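The chain contents come next:
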Amino acid sequence: MGTATLHIDLDALVANWRALDAMSADTVETGAVVKADGYGLGAGRVARALYHAGARRFFIAVAEEAAALREAMGPDPQILVMGGHMPGDTDMINDLHLVPMLNSIEQMTRHFEALPGHPFGIQLDSGMNRLGLEPAEWEAAKPIAMAQGPELIMSHLACADEPESEMNARQLRTFLEMTEGLDVPRSLAATGGILMGPEYHFEVTRPGIGLYGGLPFADAMPVVKLSVPVIQVRDVAPGEPVGYGCTWTADEPTRVATLSAGYGDGVIRLMGNTAVAFADDVPCPLVGRVSMDLITVDITHLPTAPTHLDLLSEYQSVDDLAGAAETIGYEILTALGGSRYRRRYAGR
Ligand SMILES: *Cc1c(COP(=O)(O)O)cnc(C)c1O
């Protein structure tokens, strides 16, 4: 078996959802963000586990992501599309009973004309300048939107992973002003916003990364373990190079293991000569460049040649590994998504 195995602990995922849910009042509904195929872990399996735990609102980026979710969960839970109602989406939104979060006057017009009476939500721009109606646009569009009865009004924080940033309070103030007096459920907090406390919670929260074991939810349980098979082990003599470009050279006798995963599997190329893989709890440094299908690892200090090494486990979180590639846990997880790994689910 040459392919690596991505072990996904659905019980840990559910425990993380419950822990985030417990941080807000009982009156606050905790949803779940399952975009990008559930942050690379399989949206259908992830959503079904969270549905059984009690989640009823699932957020995705684009309508195309909904088919697998609807199939996995059935007609009951709400699926909200944060990218809104795009040209060509109308049939999917109708057939799969999706709730588009309308981001502009253009999207509002498209939705109300194509699917009159079909549920929708509104996304407001409270300062991030990425998605949603800006304050002046909302002022003009509000009467029309409110007459149609939105399911949810949401906005997104730009700096929720930096609780001390004054941007958070500024966006909170703007969101409060834009939604003042409206009798519609509101949502502002993703994982970082939940951790910042009750004034950010409103009626619905939308955690993503924290469910999957990533920062800023530092107390999250690890959800993923990535075990990569060792294909071959060799002894490299002092002065001999390893890998493309000969960027690493042995300065003493070294045992090098060649593992079956590379940048074609989401092992980011910047990790060459920087990241470590683990034999249980023993770190083993990557030596040489990351290839498309292979990495090379120094295992000189191990008593026996291992059958596999772990790139992610209880000893190395997605954020630990991200540090070796100057990126964030989010990118590590989603990079694994389109990969050749076998996914193995435990729990639920
Ligand atoms: C991705 C995303 C989320 C989830 O954010 P996390 O930081 O992963 O919890 C919530 N809302 C919006 C609009 C998003 O784009």
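Owing to the predicted nature of the structure, the values given are computational and were not obtained by experimental measurement.

About the criteria used
- Residues numbered from 1 in each chain as written.
- Predicted model: local features only at pLDDT ≥ 70, side-chain atom pairs only at ≥ 80, totals over all residues.
- Heavy atoms only, no water.
- Helix = DSSP H or I, 4+ residues; strand = E, 2+ residues; numbered from the N terminus.
- Contact = heavy atoms within 4.5 Å.
- Areas by Shrake-Rupley, 256 points an atom, 1.4 Å probe, with all protein chains shown as cover.
- UniProt positions renumbered as here; feature names shortened; annotations may be inferred.
- Buried < 20%, exposed > 50% of the residue type's maximum accessible area, 1.4 Å probe, protein only.
- Phe/Tyr/Trp six-rings, centres within 6.5 Å; stacked < 30°, edge-to-face > 60°.
- Lys NZ or Arg CZ within 6 Å of the ring centre and 35° of its normal.
- Core = buried A, V, L, I, M, F, W, Y, C linked by side-chain atoms within 4.5 Å.
- Domains from an automatic or database assignment.
- Near = heavy atom within 4 Å.
- Polar contact = N/O pair within 3.5 Å; in protein donor to acceptor, adjacent residues only side chain to side chain.
- Nonpolar A, V, L, I, M, F, W, Y, C, P; charged D, E, K, R; others polar.
- Pairing = 2+ DSSP bridges.
- Axes fitted to C-alpha atoms, helices over the stretch in contact; angles between N-to-C directions.

A.B. asks: Got a minute to help me understand the overall build of the protein in this structure?
C.D. replies: Along its length, the protein carries eleven helices and 19 strands. Expressed along its principal axes, the backbone C-alpha trace of the protein runs to roughly 75 × 40 × 35 Å. A fraction of 62% describes how many contacts in the protein between residues 6 or more apart in sequence connect residues 24 or more apart. When the accessible surface of the protein is split by element, carbon and sulfur atoms take 51% of a total near 15,300 Å².

A.B. asks: What am I meant to see in the UniProt feature "active site" (unreviewed entry) in the protein here?
C.D. replies: Taking the UniProt record as the reference, the feature "active site" (unreviewed entry) is found at Lys-35 and Tyr-244. Taken along the chain, the residues just named run across 210 residues; in space they spread out, the farthest C-alpha pair reaching 35.1 Å. As for its placement among the helices and strands, Lys-35 is situated in helix 2 (residues 35-39). Once you skip the residues sitting within four places of it in the chain, Lys-35 turns out to touch Phe-59, Ile-60, Ala-61, Glu-65 and Met-82. Looking at the element boundaries, Tyr-244 is found in the loop between strand 12 (241-242) and strand 13 (248-249).

A.B. asks: Is there a simple way to explain the UniProt feature "binding site: substrate" (unreviewed entry) in the protein in this structure?
C.D. replies: With numbering matched to this structure, UniProt assigns "binding site: substrate" (unreviewed entry) to Arg-130 and Met-292. Spanning 163 residues, the named residues are also spread out in space, since their farthest C-alpha pair is 33.3 Å apart. Examined against the element boundaries, Arg-130 turns out to sit in the loop between strand 7 (121-123) and helix 7 (135-148). Relative accessible area serves as the criterion here: at 54%, Arg-130 is assigned to the exposed category. Residues contacting Arg-130, with those up to four places away along its chain left out, are Asp-125 and His-156. Note that Met-292 resides in the loop between strand 16 (282-285) and strand 17 (295-298). Classification of Met-292 by relative accessible area gives partly exposed; the value is 44%.

A.B. asks: So what exactly am I meant to see when it comes to the packing of aromatic side chains here?
C.D. replies: How two aromatic rings sit relative to each other is set out by the distance from centre to centre and by the angle between their planes. Enumeration over the complete set of coordinates arrives at five aromatic pairs. Between Tyr-39 and Tyr-212, the aromatic rings sit 4.5 Å apart at their centres with planes inclined by 20 degrees, giving stacked as the arrangement. Residue Tyr-39 is located in helix 2, and its partner Tyr-212 is located in the loop between strand 10 (204-205) and strand 11 (224-236); the two are separated by 173 residues in the primary sequence. Exposure class is identical for Tyr-39 and Tyr-212. Each is buried. For the ring pair Phe-278 and Tyr-315, a centre distance of 6.3 Å and an interplane angle of 20 degrees mean the geometry is stacked. Taken together, the residues span a long stretch of sequence, with Phe-278 in strand 15 (residues 276-279) and Tyr-315 in the loop between strand 18 (308-312) and helix 10 (318-323) at a distance of 37 residues. For Phe-278, a relative accessible area of 9% puts it in the buried group. Over the face of the ring belonging to Tyr-345 we find Arg-45, whose NZ or CZ atom lies 4.4 Å from the ring centre. For the cation-ring pair, Arg-56 lies above Tyr-51, with the distance from its terminal atom to the ring centre recorded as 3.9 Å.

A.B. asks: How do you make sense of the nonpolar core when you look at a structure like this?
C.D. replies: Soluble, globular proteins show a tendency: their nonpolar side chains are buried together. In terms of nonpolar packing, the biggest core is built from 83 residues, with Leu-50 and Met-271 touching the most fellow members. Looking at this core, the element that brings in the most residues is helix 3 (residues 43-53), giving seven residues. Split by domain, the residues of this core number at least three in each of domain 1 (31-212) and domain 2 (224-346). Those residues in contact with Met-271 that lie beyond four places of it in its chain are Leu-286, Val-290, Leu-321, Ala-324, Ala-325 and Ile-332.

A.B. asks: What am I meant to see in the site of the ligand here?
C.D. replies: Surrounding the ligand, one finds 14 residues, the nearest of these being Lys-35, Tyr-39, Thr-191, Ile-209 and Tyr-330. The contact in question runs from an oxygen atom of the ligand to an N or O atom on the side chain of Tyr-39, over 2.5 Å. Arg-206 places a polar side-chain atom, nitrogen or oxygen, 3.0 Å from a nitrogen atom of the ligand. Across the complex, the protein chains shield 91% of the 390 Å² of accessible surface that the ligand would expose by itself. Its residues assigned to classes, the shell around the ligand shows eight nonpolar, three polar and three charged.

A.B. asks: Would you mind going over the sheet that holds strand 4 (residues 57-60) with me for this structure?
C.D. replies: Two strands in a sheet stick together by hydrogen bonds in their backbones, pointing the same way (parallel) or opposite ways (antiparallel). Strand order across the open sheet formed by seven strands is 3-4-5-6-7-8-9, with parallel pairing between neighbours. The open sheet is flanked by strand 3 (32-33) and strand 9 (186-187), the only strands paired with a single partner. In terms of strand pairing, strand 8 (residues 153-154) meets strand 9 through two bridges, oriented parallel. Counted as the bridge partner of Ile-153 is Arg-186 from strand 9. Docked against the sheet, helix 4 (residues 66-73) engages strand 4, strand 5 (78-81) and strand 6 (98-102), running at close to 170 degrees with respect to strand 5.

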